[in-house]
Every structure is written in C-alpha cells, then in structure tokens.
Amino acid sequence: MQMGDETRQRVKFTDDRVCKSHLLDCCPHDILAGTRMDLGECTKIHDLALRADYEIASKERDLFFELDAMDHLESFIAECDRRTELAKKRLAETQEEISAEVSAKAEKVHELNEEIGKLLAKAEQLGAEGNVDESQKILMEVEKVRAKKKEAEEEYRNSMPASSFQQQKLRVCEVCSAYLGLHDNDRRLADHFGGKLHLGFIQIREKLDQLRKTVAEKQEKRNQDRLRRREEREREERLSRRSGSRTRDRRRSRSRDRRRRRSRSTSRERRKSSRSRSRDRHRRHRSRSRSHSRGHRRASRDRSAKYKFSRERTSREESWEHGRSERGAADWRLESSNGKMASRRSEEKEAGEI
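Predicted, not measured: the structure shown is a model, and the values here were computed from it. (Residues numbered from 1 in each chain as written. Predicted model: local features only at pLDDT ≥ 70, side-chain atom pairs only at ≥ 80, totals over all residues. Heavy atoms only, no water.)

## Points about helix H9 (residues 186–193)
The complete set of buried residues in H9 reads Leu189, Ala190, His192 and Phe193. One face of H9 carries all of its buried residues, which in axial projection span an arc of 165°. Between the side-chain oxygen at the start of H9 and the backbone nitrogen of arginine 187 there is a gap of 3.3 Å, and the oxygen is on asparagine 185. (Buried < 20%, exposed > 50% of the residue type's maximum accessible area, 1.4 Å probe, protein only. Helix = DSSP H or I, 4+ residues; strand = E, 2+ residues; numbered from the N terminus. Arc of directions from axis to C-beta. Polar contact = N/O pair within 3.5 Å; in protein donor to acceptor, adjacent residues only side chain to side chain.)

Rendered as structure tokens:
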C-alpha cells in the first residue's frame, strides 16, 4: 500500500502499519508483481523512504524485524506448499495409474527436464550479463543432460503401452506449484525455470532460509546476553551480600568495642565511686571518733571538776563543823559567812574554768 506525503510525515518505519518484509526487501507482493501469481497490493504500507530510514537505524541498533518478516514468508510458503499438494492430488485422480517402476522412470525424465531448464536459464542470464564464455560452458553441460534425457525417455517409452505414452504426463513444480509436461521442449522448460514466477519463488524461499538462520543466531545471542546479564546480576548480588555481611560484622565489632569501653568505663567509675565511698566512710568514722574522743575528754573534765568541787565542799563543811564546835556562835556565824563567800567565789571560779 502506497501512502501520500501527509501520511508519510506522520508514519515512521517502526509503525505496525508498515510492512516489515518490504523493509527487508522480501515481500512476496513486490517479488511476484507482474507474474501469473500476482498477489496485488499489500495491505500494509510500502515506501522506499521508510526502507532507507530502517537501513540507517538498523546499523546503530538491532530492531529484530527479521522475526516479523520470517513469520510473513513462512505463512506465504506454507500456503504455496498446500496448493502444490492439492495439485498433485488432482493429477493423481485424473491421470492413469502406472506401476512404481514406470513412475520412477517418468520421475527421472522430469528431473532431467528440470536440470535442463535451470541450466538454460543460467546460460541466458550469463549471456545477458556479457559473460559469454561461462554461458557457452553452461550450454555444453546442457547438451550432456539432453543426451541423458533422451536415454531416460527411451526407457520410459519402452516400459509403457503406446497408447498410454502418447498421453501427456504432467508434474507439479515443487518450487512454484506450476504444471510441467513430461514432453515439454527445451524452450518451454527454459521459459519456466528462467521465468520471473519460478525465480521469484526461489528468491522467497532462499530469503526465508536466510531469515530463519538470522533469527536463530540473534535469538542465541539474546539468550547468551540474557544469561550473561543474569550471571552478572547474581555476582553483584553475592558481592553485595558479602559486603553487607562484612559491614554488619564491622558494626557488630564496633558495637562490641563500644560495649567493652562502656563496661570498662563503668567499672572504673564504680571502682572510683567505691573508693570515694570508702574514703567518705573512713572520714566520717574518723570524725565520729574525734567527736567521741572530744566528748569523752570533756565529760571526763566535767566529772573531774565535779569530783574536785565535791571534795573541796566536803572538806570545807568538815572544817566548818569542826570550827563551830571549837569557837563560839559569833565566831561560827562569821566564819560561816566567810565560808559561804569563799565557797561562792570558788564555785564562780570553777564555773569560769568550765
């Protein structure tokens, strides 16, 4: 399908509407155009400018359009092979049955006819290209094959009744599904095997074989690339897990080191605190001991002072009683008064000392 300028500006070669077989120069609609089996216009877009764009882009990256083209040609060739089998079946129904031996001899004649036709077509092509010497060599081979064909036809004629031999025996071409006669002359054979229809089918079949090989190679390459990427990804994951494990080990090691340092620091602080509490207890004990000693000494001094005061008082009383008995009442009163005053001064003095 051809497209106008406006459509050409909008459509790219990657569009699904574009014929991928046309981009690869193997669309049957192009190859068989103008032959007896002209397929008409393709349902998809054909444009030489899009083919040029594809050829440029395919050099930079793999678009894998070969798979689409291969599917298209496989479908077309499968349909042609189906028609060939149907043609063979119709011939078998219409022609007289012959023995296997006669059929094999007829098949040999057909094979030699095919060989002659191909050689003549090749000779004509070489002559058209200006390669006259090679063309003459091919014609010499044709003469040899013609001699073999004549012998094969004699064998075939001798193995059949005259009435049956006169009947035209047909054969279906395995390449293009066209009918070939057993008694076709060289010109008829050359026209068939060198014709556009037969050569077009040869081109399509060869292109299909080439596409199958290309697709298989690219699929193998893709599988290898996919496998390599998967191996690289798995290797990176293993390295990442190992790195993560080493990181976790380092973190655990650092965590253990921090716990050990905290434990040692806590132990030192506890020992320091214990020594500090021990020193505090020792200081408090010494302070209490000093306080107790001072209190004990103070109490001892108090007891000593009281005891001394009691002894002096007792002595004064005894002395006073003794003086009263020896002196008179007046003297006793005077002495008693003096004694009280003296006693008072003594008490004041002791109180002052205390």
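## Considering the side chain of aspartate 47
Examined against the element boundaries, aspartate 47 turns out to sit in the loop between helix H3 (28–31) and helix H4 (48–58). The class of aspartate 47 is buried, set by a relative accessible area of 5%. A polar contact is formed between the side chain of aspartate 47 and the backbone nitrogen of alanine 49, at a distance of 2.8 Å.

## Details of the environment of serine 103
Positionally, serine 103 belongs in helix H6 (residues 100–128). For the pair serine 103 and tyrosine 156, spaced 53 residues apart in sequence, the C-alpha separation works out to 8.7 Å.

## A look at the side chain of threonine 84
Its location among the elements puts threonine 84 in helix H5 (residues 66–94). In this structure threonine 84 touches Val172, Cys173, Glu174 and Ser177, once residues within four positions along its chain are discounted. (Contact = heavy atoms within 4.5 Å.)

## Notes on the environment of aspartate 209
Note on placement: aspartate 209 falls in helix H10 (residues 196–326). In this structure, the C-alpha to C-alpha distance between aspartate 209 and glutamate 74, residues 135 residues apart in sequence, is 9.7 Å.

## Quick notes on unusual backbone geometry
A negative phi angle characterises most non-glycine residues, just as the trans form characterises most peptide bonds. Although it is not a glycine, phenylalanine 64 adopts a positive phi angle of roughly 60°. The backbone phi angle of serine 177 is positive, close to 70°, even though this residue is not glycine. In this structure, serine 177 sits in the loop between strand E1 (170–172) and strand E2 (179–181). In this structure serine 177 comes out as buried when scored by relative accessible area, which is 15%.

## Notes on the packing of aromatic side chains
Following the criterion strictly, the structure yields 4 aromatic pairs and no others. Summarising the aromatic geometry, the rings of tyrosine 54 and phenylalanine 65 are spaced 5.3 Å apart at their centres and angled 15° between planes, so their arrangement reads as stacked. Separated by 11 residues along the polypeptide, tyrosine 54 in helix H4 and phenylalanine 65 in the loop between H4 and H5 bring together distant segments of the chain. Taking the relative accessible area as the measure of exposure, tyrosine 54 reaches 6% and is therefore buried. Residue classification places phenylalanine 65 among the buried positions, given a relative accessible area of 8%. Ring geometry for phenylalanine 76 versus phenylalanine 201: centroids 5.8 Å apart, planes at 20°, classification stacked. Of this pair, phenylalanine 76 sits in helix H5 while phenylalanine 201 is found in helix H10, placing the two residues 125 residues apart along the sequence. Residue phenylalanine 76 is classed as buried on the basis of its relative accessible area of 13%. For phenylalanine 201, a relative accessible area of 0% corresponds to the buried category. (Phe/Tyr/Trp six-rings, centres within 6.5 Å; stacked < 30°, edge-to-face > 60°.)

## Quick word on the pattern of salt bridges
Under the counting rule described, the total for this entry stands at 20 salt bridges. We note a salt bridge from glutamate 74 to arginine 212, for which the minimum N-O separation is 3.1 Å. Pair noted here: glutamate 74 is in helix H5 and arginine 212 is in helix H10, with a separation of 138 residues, a long-range link. When its relative accessible area of 29% is taken as the criterion, glutamate 74 is described as partly exposed. Note on arginine 212: relative accessible area 40%, which makes it partly exposed. Across the pair lysine 118 and glutamate 114 runs a salt bridge, and its minimum N-O distance is 3.2 Å. Pair noted here: lysine 118 and glutamate 114 are both in helix H6, with a separation of 4 residues, about one helical turn. Of the residues examined, glutamate 114 reaches a relative accessible area of 19% and is grouped as buried. Because the salt bridges share partners, they merge into one network encompassing Glu107, Glu114, Lys118 and Arg171. (Salt bridge = Lys/Arg side-chain N within 4 Å of Asp/Glu carboxyl O.)

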